[in-house]
Amino acid sequence: MSFYYFIRFGSRAHGLSTFWTPVSEFLTLARDANAGQTYPLVVPPSRPEQKHEDWSSMGQALMDAVREEKVSEPVQLLAGIASGYAKGDAAQFNRSLTEYRGWLGKDFAKEVRKGEKEFFFNDTKAFLHAMIIYVFAFLLAAGGLLTLGAMPGLSLSLRSSAFYLLILAGAVHTFGLVFRMHLEGRPPVTNLYSSAVFIGWGTMVLGIILEKIYRLGLGSLVASMIGFVTLVIAHNLSLGGDTMEMMRAVLDTNFWLATHVVTITIGYSATFAAGFMAAVFVFLGLFTPLLNQKTGPGGANLGKAIAKMVYAIVCFATLLSFVGTVLGGIWADQSWGRFWGWDPKENGALLIVLWNAVILHARWGGMIRERGLMNMAIFGNVITAFSWFGVNMLGIGLHSYGFMDAAFKWLVLFMGSQLIIIGFGLLPLKSWRSFRDQPGPGPGAGGSPSGSPAPTVA
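Residues numbered from 1 in each chain as written. Predicted model: local features only at pLDDT ≥ 70, side-chain atom pairs only at ≥ 80, totals over all residues. Heavy atoms only, no water.

**Student:** Explain a positive patch on the surface here, please?
**Tutor:** Taken together, the side chains of Lys110, Arg113, Lys114 and Lys117 define a basic patch exposed on the protein surface. Of note, arginine 113 is situated in helix α6 (residues 109-124). (Patch = residues over 30% accessible without salt bridge, like charges linked within 9 Å, V, L, I, M, F, W, Y side chains within 5 Å. Areas by Shrake-Rupley, 256 points an atom, 1.4 Å probe, with all protein chains shown as cover. Salt bridge = Lys/Arg side-chain N within 4 Å of Asp/Glu carboxyl O. Lys, Arg positive; Asp, Glu negative; His and termini not counted. Charge placed at Lys NZ, Arg CZ, Asp CG, Glu CD. Helix = DSSP H or I, 4+ residues; strand = E, 2+ residues; numbered from the N terminus.)

This is how it looks when you write it as structure tokens:
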């Protein structure tokens, strides 16, 4: 791709300064490749009947020229481009480049068009712009939520603005996701990078749906926060190399990529959404008086509204995670001859299903109420993060192709932060501002006048 930038930018050049950066990027690519004893494949096949064969490196092309006693036309044109650059002759550089593009257009028109599309995709930076919009949506949603009881008019304006910004960010995010699918000719999730992009997208859709139903700013808040974080993760993953690399043979099936992988990744999105919303519940309860105020739809208090949302999301996450895991077993049976092999990635997927099921059973059995539901949902973030990234860092198993040891520190920090939030969630209710001044005994709230209502969160 860096070589295509070299061609694309160079065609605009009217002086050395205008194409210095792309050419230097190309030379850096070549130098890095040489250090690893591999060379960039920049020379296309010289004859039309060879157009579907692999491209070759310049060194290989020169060796072929010696054997055939003839230097191919693309090598001559590329040499003219390199010579113009070395001499600082912009006219020669652009002339050779124009001739080379004309030569490519005869037999490689499809490849040139795809290269132009990929250049356009990278030049628009859709995911970067979505990240920026997510930040503003988050700030507006947070402001709208914090002013929910005190300044309802301002709160409504902020929450409405956040919602429309979330839709705008979602549109930009969707454009990038769909365009990338078009370029690859694949479903949305093919590697760790694309899974981060898709998890953020799935949470964005879920947040819009929640906001349409509850109109509290919570859907916008959580969706924009996760959308931003996952795109930051994707950006850092992209620094490790090509994000559209060749598919591994075992993954080279669009059907299972579109069913198992997409389904289970939506399960990741939903579990993270429940966990982050539960974290918002904890912070609102500890530091604001909002949870036990009548600020929810129909006069319900905000704490109960959040509990309903988290419960519904956990139900959805359980279903999608279970279906995705079963589909993965069927795919494994077709690819490896066994439905289940206790592979780390398989175990991670099973952990998500089991933990979500434990949450639901604990809730149904009356073993937990709102606070217990929130703390268990937050721990779901730990399990999902480990199942998504952690198992790949083990470097073992049939799914170890996504090994990312550089992310280990950040994974540990994230898990630690979630455990700290759970610790906050376990503090007695007298430490929670939302219930500190509420009358009634309540669990952990201390004595109060007889007959006063107890806090609603336990």
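**Student:** I keep staring at the side chain of threonine 203 and nothing clicks. Help me out?
**Tutor:** Examined against the element boundaries, threonine 203 turns out to sit in helix α9 (residues 192-214). Look at threonine 203 and you get buried, because its relative accessible area is 1%. The contact partners of threonine 203, leaving out residues within four places of it in the chain, are Val222, Ala223, Ile226, Ser269 and Ala273. (Buried < 20%, exposed > 50% of the residue type's maximum accessible area, 1.4 Å probe, protein only. Contact = heavy atoms within 4.5 Å.)

**Student:** How should the packing of helix α11 (residues 254-287) against helix α15 (residues 408-425) be read in this particular structure?
**Tutor:** Each pair of packed helices can be described by the angle between their axes along with the distance between the axes. At their nearest, the axes of α11 and α15 sit 10 Å apart, and the two run at 45° to each other. Compared by their axis directions, α11 and α15 come out oblique. Regarding α11 and α15, the two cross each other, and that crossing is left-handed. Along its contact with α11, which presents Phe272, Phe276, Ala279, Val282, Phe283 and Leu286, the element α15 presents Phe414, Ile421, Phe424 and Gly425. In the contact of α11 with α15, the residues fall into nine nonpolar, one polar and no charged. (Axes fitted to C-alpha atoms, helices over the stretch in contact; angles between N-to-C directions. Parallel < 35°, antiparallel > 145°, perpendicular 65-115°, else oblique. Left-handed = near helix turned anticlockwise from the far one by under 90°. Nonpolar A, V, L, I, M, F, W, Y, C, P; charged D, E, K, R; others polar.)

**Student:** It is not clear to me how the nonpolar core should be interpreted in this structure. Could you clarify?
**Tutor:** Generally speaking, a soluble globular protein has its nonpolar side chains buried in company with each other. Counting residues in each nonpolar core, the largest one holds 94 residues, and the members touching the most others are Leu218, Met277, Leu302, Ile306 and Val310. Per-element accounting of this core gives the leading share, 19 residues, to α11. Leaving out residues up to four positions away in the same chain, isoleucine 306 has contacts with Leu218, Met277, Phe281, Leu284, Leu291 and Met374. (Core = buried A, V, L, I, M, F, W, Y, C linked by side-chain atoms within 4.5 Å.)

**Student:** Teacher, can you tell me more about the packing of aromatic side chains here?
**Tutor:** Scanning all chains against the criterion turns up 17 aromatic pairs. Measuring from ring centre to ring centre gives 6.5 Å for phenylalanine 272 and phenylalanine 414, while their planes differ by 75°; the resulting arrangement is edge-to-face. Placement of the pair is phenylalanine 272 in helix α11 and phenylalanine 414 in helix α15, with a sequence separation of 142 residues. The partly exposed category is assigned to phenylalanine 414, whose relative accessible area is 23%. Judged by centre distance (5.8 Å) and plane angle (85°), the ring pair of tryptophan 340 and tryptophan 342 falls under edge-to-face. For tryptophan 340, a relative accessible area of 24% translates into the label partly exposed. Overall, tryptophan 342 belongs to the exposed group, its relative accessible area being 60%. In this structure an aromatic cluster arises from ring pairing among Phe120, Phe121, Phe127, Phe175 and Phe179. (Phe/Tyr/Trp six-rings, centres within 6.5 Å; stacked < 30°, edge-to-face > 60°.)

**Student:** What exactly am I supposed to notice about the environment of alanine 196 here?
**Tutor:** Within the fold, alanine 196 resides in helix α9. Considered as a pair, alanine 196 and serine 269 are 73 residues apart in the sequence and their alpha carbons are 9.5 Å apart. Once residues lying within four places of it in the same chain are set aside, the contact partners of alanine 196 are Thr230, Ile233, Ala234 and Trp388.

**Student:** Looking at this model, I keep getting lost on the packing of helix α14 (residues 370-393) against α15. Mind explaining?
**Tutor:** Where α14 meets α15, the axes come as close as 9 Å, and the angle between the chain directions of the two elements is 170°. What the angle tells us is that α14 and α15 run roughly antiparallel. Packed against α14, whose contacting residues are Arg371, Asn375, Ile378, Phe379, Asn381, Val382, Ala385, Phe386, Phe389, Gly390 and Met393, the element α15 presents Phe408, Leu411, Phe414, Met415, Gln418, Leu419, Ile421, Ile422 and Gly425 at the interface. Across the contact of α14 with α15, the residue classes tally to 14 nonpolar, five polar and one charged.

**Student:** Looking at this structure, I do not really get α6. What am I missing?
**Tutor:** Because an α-helix completes one turn every 3.6 residues, residues spaced three or four positions apart along the sequence face the same direction. Over its 16 residues, α6 extends 23 Å from the first C-alpha to the last, a length consistent with the 22 Å expected when each residue adds 1.5 Å. Note on α6: the residue one or two positions beyond its end, lysine 125, has a positive phi of about 50°. (Expected span 1.5 Å × (residues − 1).)

**Student:** Help me understand the environment of leucine 291 in this model?
**Tutor:** Tracing the sequence through the fold places leucine 291 in the loop between α11 and α12 (302-336). Under the relative-accessibility criterion, leucine 291 is labelled buried at 0%. Residues leucine 291 and leucine 302, 11 residues apart in the sequence, show an inter-C-alpha distance of 4.9 Å. Leucine 291 has contacts with Phe281, Leu284, Gly285, Asn301, Leu302, Gly303, Ile306, Trp432, Ser434 and Phe435, leaving out every residue within four places of it along the chain.

**Student:** Could you clarify how one ought to interpret α15 in this entry?
**Tutor:** Here α15 spans 26 Å end to end across 18 residues, near enough to the 26 Å set by a 1.5 Å rise per residue. Within α15 the residues assigned to the buried category are Leu411, Met415, Gln418, Ile421, Ile422 and Gly425. Angular distribution of buried residues about the axis of α15 spans 115°; they occupy a single face of the element. Facing away from the buried surface of α15 by more than 90 degrees, the exposed residues are Trp410 and Ile420. (Arc of directions from axis to C-beta.)

**Student:** Where do I start with the confidence of the model for the protein in this structure?
**Tutor:** Low pLDDT means the predicted coordinates in that region are not meant to be read closely. Of the residues in the protein, 78% reach a pLDDT of 70 or more, and the chain-wide mean stands at 81. Across residues 1-23, where pLDDT falls below 50, the model places 51 contacts with residues more than four positions away in sequence or in other chains. (pLDDT = per-residue confidence, 0-100.)

**Student:** Please clarify how a nonpolar patch on the surface should be interpreted in this entry.
**Tutor:** Where nonpolar side chains cluster on the molecular surface, the patch consists of Leu128, Ile132, Val135, Phe136, Leu139, Phe228 and Val229 and spans about 580 Å² of accessible area. Elements with a contribution of two residues or more to the nonpolar patch: α7 (126-146) and α10 (218-238). In terms of residues, the nonpolar patch owes the most to one element, α7, which gives five residues. With respect to the helices and strands, the residue leucine 128 is situated in helix α7. We classify leucine 128 as partly exposed; its relative accessible area is 41%.

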